[in-house]
Amino acid sequence: MRTSLDNYLGIHPQALQLEAKRNELLAANLANVDTPNYKARDIDFKAALSAASGESNAASSGGSSALTLRNTESSAAGTAAAGGVSATGTGASDGDIDSSTVKYRVPMASALDGNTVDEQLEQSAFAENSVRYQASLQFINSALRDLMTAITGS
Amino acid sequence: MSSFKIFDIAGSGMSAQSVRLNTVASNLANADSVSGDPNNVYKAKHPIFQAVMGSVAGLGHDQSTAQVSVTGISESQAAPETRYDPGNPLADAQGNVYAPNVNVVEEMADMISASRSYQNDVEVLNTSRDMMLATLKLGQS
């Protein structure tokens, strides 16, 4: 149930939550840059955000996403590596990230040890995501400030 | 949702990389520690990294982040290098001494890789901290 304040802030709270989650994922990718058989993961941001904001549009999940991500199912079937990563997630509540939106990255060049983390790619994604996070924060902040101006009238 | 997990993740990466730096330092320091007994010579050590998936059962989204752990230190089983050096007091009956199987060039490359990864983790930590401090100030001023 959304309150009117949620409506007032728009999509930004959900975006903020998603960006925090994505930062966590990217941090995990960067921390495991030298771990054998680690498979880099990322969030299909567009799909996740539209799912979180409840306007799941089938057309918006595909197409123009800049990130090349692959479904977890096809990844697990395609690579018989001993990574042993299985995303068995259930019970994502409203605003949470459904585990189906967390996907494995398609490596540009595969490493011999089975690691698929591209350090430069993750770094730039992390930097971009941090800026997005701060932007969302800014949007919420200014909306709240507007609200305070309306309440106090000064 | 605990946003503080990002500190654990970056911290685990940093500690893993510093273990790696330690082994590199140990290997480089002992690169010339010769011995008269081929079974007793220093062997190059390398840490084994493993991803530790978020272990909270039943919560799907917690499975998706991974810390790093060092599961052990492996010793290289490559044969030690045999050097003919009869003047060395450690030389055996054939006049040979045995040098460690440390590849110095490999170790240097490993050192650079470890320190770069460490810097990455520090960067992640700093950025996350700044973001969290900004979030704490949400709605103020």
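Residues numbered from 1 in each chain as written. Chains lettered and ligands numbered in written order. Predicted model: local features only at pLDDT ≥ 70, side-chain atom pairs only at ≥ 80, totals over all residues. Heavy atoms only, no water.

(A) Looking closely at the overall build of chain B. Of the regular secondary structure elements, chain B holds two helices and four strands. Relative to its full complement of 141 residues, chain B shows a buried share of 35%. For chain B, long-range pairs separated by at least 24 residues make up 63% of all intrachain contacts whose partners lie at least 6 apart in sequence. By element, 55% of the accessible surface of chain B is carried by carbon and sulfur atoms, the whole surface being about 7500 Å². (Helix = DSSP H or I, 4+ residues; strand = E, 2+ residues; numbered from the N terminus. Buried < 20%, exposed > 50% of the residue type's maximum accessible area, 1.4 Å probe, protein only. Contact = heavy atoms within 4.5 Å. Areas by Shrake-Rupley, 256 points an atom, 1.4 Å probe, with all protein chains shown as cover.)

(B) Local environment of the layout of surface pockets. All names here are of chain A. When its volume is computed, the second largest pocket comes out at roughly 210 Å³. Along its surface, the second largest pocket is lined by 13 residues, and Val33, Ala111, Asn115, Thr116 and Val117 are the ones closest to its centre. Of the residues contributing to the lining of the second largest pocket, the split by class is seven nonpolar, two polar and four charged. (1 Å grid on protein atoms, 1.4 Å probe; cavity = no way out; pocket = protein on both sides within 12 Å on 5 of 7 lines; lining within 4 Å. Points joined across faces, edges and corners; volume = space filled by probe spheres on them. Nonpolar A, V, L, I, M, F, W, Y, C, P; charged D, E, K, R; others polar.)

(C) Expanded view of helix α5 (residues 119–152) of chain A. Taking 1.5 Å per residue, 34 residues should reach 50 Å; α5(A) reaches 49 Å between its end C-alpha atoms and fits that length. The complete set of buried residues in α5(A) reads Glu119(A), Glu122(A), Ala125(A), Phe126(A), Asn129(A), Ser130(A), Tyr133(A), Ser136(A), Leu137(A), Ile140(A), Asn141(A) and Ala143(A). Where α5(A) is buried, its residues contact α1 (4–9), α2 (12–31), α3 (45–52) and β3 (102–105) of chain A together with α2 (104–136) of chain B. With a side-chain oxygen lying 3.2 Å from the backbone nitrogen of Gln120(A), the N-terminal cap of α5(A) falls on Asp118(A). (Expected span 1.5 Å × (residues − 1). Polar contact = N/O pair within 3.5 Å; in protein donor to acceptor, adjacent residues only side chain to side chain.)

(D) Structural context of α3(A). Most of α3(A) sits out of view: six of its eight residues are buried. Those residues of α3(A) lying buried are Phe45(A), Ala47(A), Ala48(A), Leu49(A), Ser50(A) and Ala52(A).

(E) Structural detail: the environment of Met132(B). Residues and elements named next belong to chain B. As for its placement among the helices and strands, Met132 is situated in helix α2. Overall, the relative accessible area of 17% leaves Met132 in the buried class. Sequence separation between Met132 and Val19 is 113 residues, and the spatial gap between their C-alpha atoms is 28 Å.

(F) Geometry of the side chain of Asp121(B). Structurally, Asp121(B) can be placed in helix α2. Arg20(B) provides the closest opposite charge to the buried, unpaired Asp121(B), separated from it by 9.1 Å. (Lys, Arg positive; Asp, Glu negative; His and termini not counted. Salt bridge = Lys/Arg side-chain N within 4 Å of Asp/Glu carboxyl O.)

(G) Representation of the confidence of the model for chain B. With 89% of its residues at a pLDDT of 70 or more, chain B shows a mean pLDDT of 87. For this predicted complex, the interface confidence comes out at an ipTM of 0.80, alongside a pTM of 0.75. (pLDDT = per-residue confidence, 0-100.)

(H) Molecular detail of the packing of α5(A) against α2(B). Put simply, α5(A) and α2(B) touch, their axes get as near as 10 Å, and they point 10° apart. With respect to α2(B), the axis of α5(A) lies roughly parallel. Residue-level contacts link Glu119(A), Gln123(A), Phe126(A), Ser130(A), Tyr133(A), Gln134(A) and Leu137(A) of α5(A) to Arg116(B), Asn120(B), Val124(B), Thr127(B), Ser128(B), Met131(B), Ala134(B) and Thr135(B) of α2(B). (Axes fitted to C-alpha atoms, helices over the stretch in contact; angles between N-to-C directions. Parallel < 35°, antiparallel > 145°, perpendicular 65-115°, else oblique.)

(I) Quick look at the confidence of the model for chain A. Model confidence for chain A is summarised by a mean pLDDT of 73, while 68% of its residues fall at 70 or above. For chain A, the element scoring lowest by mean pLDDT is helix α4 (residues 72–78) of chain A, at 39; α5(A) scores highest, at 92.

(J) Examining unusual backbone geometry more closely. Positive phi outside glycine occurs at Asn37(A), with the angle close to 65°. Within the secondary structure layout, Asn37(A) lies in the loop between α2 and β1 (41–43).

(K) The arrangement of the pattern of salt bridges in detail. All names here are of chain A. Scanning all chains against the criterion turns up 13 salt bridges over all chains. Between Glu128 and Arg132 there is a salt bridge, with the nearest N and O atoms lying 2.6 Å from each other. One end of the pair, Glu128, and the other, Arg132, are both in helix α5, four residues apart, so they sit about a helical turn from each other. Relative accessible area serves as the criterion here: at 42%, Arg132 is assigned to the partly exposed category. Among the charged side chains, a salt-bridge network with shared partners connects Arg22, Asp42, Arg105 and Glu122.

(L) Molecular detail of the packing of helix α1 (residues 5–29) of chain B against α2(B). All names here are of chain B. Running from N to C, α1 and α2 point in directions that differ by 160°, and their axes come no closer than 9 Å. Taken together, the axis directions place α1 and α2 in an arrangement best described as roughly antiparallel. Of the two elements, α1 crosses α2, and the hand of that crossing is left-handed. Residues that form the contact of α1 with α2 fall into these classes: 16 nonpolar, seven polar and five charged. (Left-handed = near helix turned anticlockwise from the far one by under 90°.)

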